[in-house]
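Notes for the structure review
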Amino acid sequence: MHPTVLRIRNRAAREALPRLLRPDVRDDLVRLGSDYGGWWVPAADVKPDVVAYCAGAGEDITFDLALHVAGCQVTTFDPTPRSIAHVEAVAPSDDRFRFLPVGWWSQKDTLRFYAPRDPAHVSHSALNLQATQDYFEAPVNTVAALMRELGDTRVDLIKMDIEGAEYEVIDSLLRDGPLPRTLCVEFDQPQPLRRTFKAVARLRAAGYDLVKMDRWNYTFTRQNGNVPLLSSNRHAKESGGSARSSY
């Protein structure tokens, strides 16, 4: 699809989707981070002792840092070499901030992450959204498995901007947990809109309310968050899995 046609399609979709999805907008949301990297979250989740997992650092972790300043325990995830260098340069040095150079997916694996068309951009896609040839390989795992490795018993807030992998990760969260109180998802483009509709419907069926749509950044909240981790039989299943070359 020609880039101009794609931009027109995306703009039209962004304008139409709020009328179709009808978010239940809350009046207690606050926006944290820069104009580019910021997200809307409930003010109640911006406080000490909140456990936040943020996937997709790019070269802007202002949202992650704002949570950290508020006293949250923040773990940031991104396997991209430029992102790793950026986080190392700006990350806090105390034990309330952790960084793991690993991607999120629906099983433990090693995947190819394909470069963006514009070399000035940092975000690589295991789904190869921009149909490029250059890539690097990196480990990926489920959120539940990473949670166990880190020794966390709950996650209160999840943010993911993971270049098309969000659908696989949503499936994994709904299957294995955790289901946090607040879930922030960027639905990266280009993707069939029916995938976004289906993902939103599945999250709503799991008890989530869609409370904010900011371009392709969607914020969901759930009354009964912090679902327990999966059973031992799923844990065993999760530790395996065959290697694949792309999403």
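Let us look at the structure shown here. Quick caveat: nothing in here was measured; it's all calculated off a predicted structure.

Concerning the sheet that holds strand β12 (residues 217-222)
Taken together, the seven strands give an open sheet; going across it, the order is β5-β4-β3-β9-β10-β12-β11, and neighbouring strands pair in mixed fashion. With one partner strand each, in any of the chains shown, β5 (97-100) and β11 (208-214) form the two edges of the open sheet. Within this sheet the neighbouring strands show an average axis-to-axis angle of 15°, counted without direction. One ladder, built from four bridges, connects strand β9 (residues 157-160) with strand β10 (residues 182-186); its direction is parallel. Opposite Met-160, over in β10, you have Val-185 as the bridge partner. The strands that helix α4 (residues 143-150) touches are β3 (51-55), β4 (73-77), β5 and β9; relative to β3, the one it contacts most, it runs at about 130°.

Some details on the pattern of salt bridges
Counted under the stated rule, the structure contains ten salt bridges. One salt bridge connects Arg-181 with Asp-45, and the closest N-O pair in it is separated by 2.4 Å. Highlighted residues: Arg-181 in the loop between α5 (166-176) and β10 and Asp-45 in the loop between β2 (39-42) and β3, separated in sequence by 136 residues. When its relative accessible area of 2% is taken as the criterion, Asp-45 is described as buried. Via salt bridges that share partners, Asp-45, Arg-154, Asp-156 and Arg-181 belong to a single interconnected network.

Some points on empty space enclosed by the protein
Unfilled space is identified by rolling a water-sized probe across the atoms. A full pass over the atoms with the stated rule returns one cavity of 30 Å³ or more. Considering only enclosed or pocket space, the largest cavity measures out at about 60 Å³ in volume. Together, Tyr-114, Ala-115, Pro-116, Ser-123, Ser-125, Asn-128, Leu-129, Gln-130, Thr-132 and Glu-163 line the largest cavity.

Overview of the packing of aromatic side chains
Scanning all chains against the criterion turns up seven aromatic pairs. Between the aromatic rings of Tyr-167 and Phe-187, the centroid separation amounts to 5.6 Å while the plane-to-plane angle is 40°, which identifies the pairing as tilted. Of this pair, Tyr-167 sits in helix α5 while Phe-187 is found in the loop between β10 and α6 (193-205), placing the two residues 20 residues apart along the sequence. Each member of the pair, Tyr-167 together with Phe-187, is buried. Aromatic ring contacts, followed pair by pair, group Tyr-167, Phe-187, Tyr-218 and Phe-220 into a single cluster. The lysine or arginine in question, Arg-195, covers the ring of Tyr-167, its NZ or CZ lying 4.2 Å from the ring centre. One cation-aromatic arrangement involves Arg-222 over Tyr-208; the distance from NZ or CZ to the ring centre is 5.7 Å.

Overview of the layout of surface pockets
Considered as a void within the structure, the second largest pocket measures approximately 170 Å³ in volume. Residue lining of the second largest pocket: Tyr-167, Glu-168, Ile-170, Asp-171, Arg-195, Lys-198, Ala-199 and Arg-202, and that is the complete set. Counting residues per element, the ones that place at least two in the lining of the second largest pocket are α5 and α6. Residues of the lining of the second largest pocket, tallied by class, amount to three nonpolar, no polar and five charged.

Concerning the sheet that holds strand β7 (residues 109-114)
Strand order across the open sheet formed by three strands is β6-β8-β7, with mixed pairing between neighbours. For this open sheet the edge positions go to β6 (103-104) and β7, each flanked by a neighbour on one side alone.

Criteria and cut-off values
- Residues numbered from 1 in each chain as written.
- Predicted model: local features only at pLDDT ≥ 70, side-chain atom pairs only at ≥ 80, totals over all residues.
- Heavy atoms only, no water.
- Pairing = 2+ DSSP bridges.
- Helix = DSSP H or I, 4+ residues; strand = E, 2+ residues; numbered from the N terminus.
- Axes fitted to C-alpha atoms, helices over the stretch in contact; angles between N-to-C directions.
- Contact = heavy atoms within 4.5 Å.
- Salt bridge = Lys/Arg side-chain N within 4 Å of Asp/Glu carboxyl O.
- Buried < 20%, exposed > 50% of the residue type's maximum accessible area, 1.4 Å probe, protein only.
- 1 Å grid on protein atoms, 1.4 Å probe; cavity = no way out; pocket = protein on both sides within 12 Å on 5 of 7 lines; lining within 4 Å.
- Points joined across faces, edges and corners; volume = space filled by probe spheres on them.
- Phe/Tyr/Trp six-rings, centres within 6.5 Å; stacked < 30°, edge-to-face > 60°.
- Lys NZ or Arg CZ within 6 Å of the ring centre and 35° of its normal.
- Nonpolar A, V, L, I, M, F, W, Y, C, P; charged D, E, K, R; others polar.

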